[in-house]
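Residues per chain, in single letters:
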Amino acid sequence: MTGGPLAGVRVLEVGHILAGPYATMMLADLGAEVTKIEPPGGDLSRQVSDAYFASLNRGKRSVRLDLSTEEGQSRLHEMAADADALLVNLKPSAIRRFGLTYDVLRRWNERIVCVALTGYGLSAPDEPAFDYIVQAATGVAALTGDPAGPPTLPGYSSADNSAGLTAALGLVAQLVSGRGGQVEVSLRDAMLSQLNYRASAYLNEGTEPRRLPFGAHSHYVPAQLFPTAGGYLALFVTHDGFWRSFAAEAGIAGFATMAERVSRREEVLAAVTGALAADTARGWEARLRPLGVPAAAVRTLPEALAATPDAVVEAGGFRLVGTPIRVTGHDPAYGPPPKLGEHDDVTTKAER
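Keep in mind the model is a prediction, meaning the values are calculated, not measured. (Residues numbered from 1 in each chain as written. Predicted model: local features only at pLDDT ≥ 70, side-chain atom pairs only at ≥ 80, totals over all residues. Heavy atoms only, no water.)

**Student:** Got a sec to walk through the packing of aromatic side chains? Specific residues and values, please.
**Tutor:** Throughout the structure, instances matching the rule amount to 4 aromatic pairs. Between Trp243 and Phe246, the aromatic rings sit 5.8 Å apart at their centres with planes inclined by 50°, giving tilted as the arrangement. Of this pair, Trp243 and Phe246 are both found in helix H10 (residues 240-250), 3 residues apart, which corresponds to roughly one turn of the helix. Accessibility assignment for this pair places Trp243 and Phe246 in one class, buried. For the pair Trp243 and Phe255, a centre-to-centre distance of 6.3 Å together with 80° between the ring planes defines the contact as edge-to-face. Of this pair, Trp243 sits in helix H10 while Phe255 sits in the loop between H10 and helix H11 (258-263); the two residues are 12 residues apart in sequence, bridging distant segments of the chain. With respect to class, Trp243 is no different from Phe255; both count as buried. Members of the aromatic cluster, connected to one another through ring pairs, are Trp243, Phe246 and Phe255. Cation over ring: Arg97 sits above Phe98, and NZ or CZ is 4.9 Å from the ring centre. (Phe/Tyr/Trp six-rings, centres within 6.5 Å; stacked < 30°, edge-to-face > 60°. Helix = DSSP H or I, 4+ residues; strand = E, 2+ residues; numbered from the N terminus. Buried < 20%, exposed > 50% of the residue type's maximum accessible area, 1.4 Å probe, protein only. Lys NZ or Arg CZ within 6 Å of the ring centre and 35° of its normal.)

And the structure:
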């Protein structure tokens, strides 16, 4: 076992709530030493609940600094001199006001990587950039929900989490280059990037995205949720081989090619819906999985967690979902979330 692929990498975090802390927690899970720089009152997520804070901050250190003071700035510069990277998740004006950019911090450390995670870019105005706002602004909400109903939002913070993962990737990429520098990631750009094939269809073919019932895919048929005799089934038939296996099990004749299924979408969906009414979602899952057909019963989060006990880890008395990244030879040591200011008096490696 090793200390992880990022063992020895020292990362400073100046962030709050979700996107930035999630990014640095992913790095901590991979072995990085992450020091969370918090204002005197702490990260706002501490006010939500202990479990919420733990889900984004396990395995980190906590140091309180008032970055608006000369003393806080001095301490920041000492820590930056000994750090490999800084990831900051604040408004652009606050990032500049507190001197949390490479142009400022290179004076103390030429090799430091500075990542600015913002709503719309480091040079953009301080416009509100919360997760739901960005989902609305980038077209995600307009693509979600039943076409006969209002736009809706996913049941989790997709913009914050996606931007956090992107920021972590950007940080590691610049570290690998061996050079210090400024990296920028915005929630808006991360979400537009994830609308890849939808955006490409519009930009290159003029195809405007539209919502389809049951979350149906725009290119593949049948690929959506279906009602069954008990519960809903997700079915994702992407090629003719899947269709042959499914159709044989479901007793459906015809529609042999993808082109035919797309052109006769409504007929296909009617046939599939009728066939699936003969069994429950769990029953169809059990029948189709051995055939290699992509299908899954819709589960609640508690049901999904119960079905994947290996995904749950213990960190300082909290049961949490562990890292999704598996590295051969690395068994993550999930440390507890830090108490506010727990490491205020702990000396840095440069001071030892």
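**Student:** Tell me what's going on with the pairing of strand S10 (residues 312-315), and back it up with residues and numbers.
**Tutor:** Burial of S10 is one-sided: the residues Val313 and Ala315 facing one way are buried, the residues Val312 and Glu314 facing the other way are not. Pairing geometry for S10 and strand S11 (residues 318-321), over 4 bridges, is antiparallel. Counterpart to Glu314 in the pairing with S11 is Arg319. Taking the residues between adjacent antiparallel strands as the criterion, S10 and S11 are bridged by 2 residues, where Gly316 takes a positive phi near 60°. (Pairing = 2+ DSSP bridges.)

**Student:** Please provide a residue-by-residue account of the side chain of His77, values included.
**Tutor:** Structurally, His77 is set in helix H3 (residues 70-81). His77 gets classed as buried once you look at its relative accessible area, which sits at 12%. Sequence-distant contacts of His77, that is, excluding residues within four places in its chain, are made with Leu105 and Trp108. (Contact = heavy atoms within 4.5 Å.)

**Student:** I'd like a description of the packing of helix H1 (residues 19-29) against helix H7 (residues 158-177), backed by residues and values.
**Tutor:** In the contact formed by H1 and H7, the axes pass within 8 Å of each other and the chain directions differ by 50°. For the element pair H1 / H7, the angle class is oblique. As for the relative orientation of H1 and H7, their crossing is right-handed in sense. Between H1 and H7, the residues in contact are Ala19, Tyr22, Ala23, Met26 and Leu27 and Asp160, Asn161, Gly164, Leu165, Ala167, Ala168, Leu171 and Val172, respectively. Grouping the constituent residues of the contact of H1 with H7 by class yields 10 nonpolar, 2 polar and 1 charged. (Axes fitted to C-alpha atoms, helices over the stretch in contact; angles between N-to-C directions. Parallel < 35°, antiparallel > 145°, perpendicular 65-115°, else oblique. Left-handed = near helix turned anticlockwise from the far one by under 90°. Nonpolar A, V, L, I, M, F, W, Y, C, P; charged D, E, K, R; others polar.)

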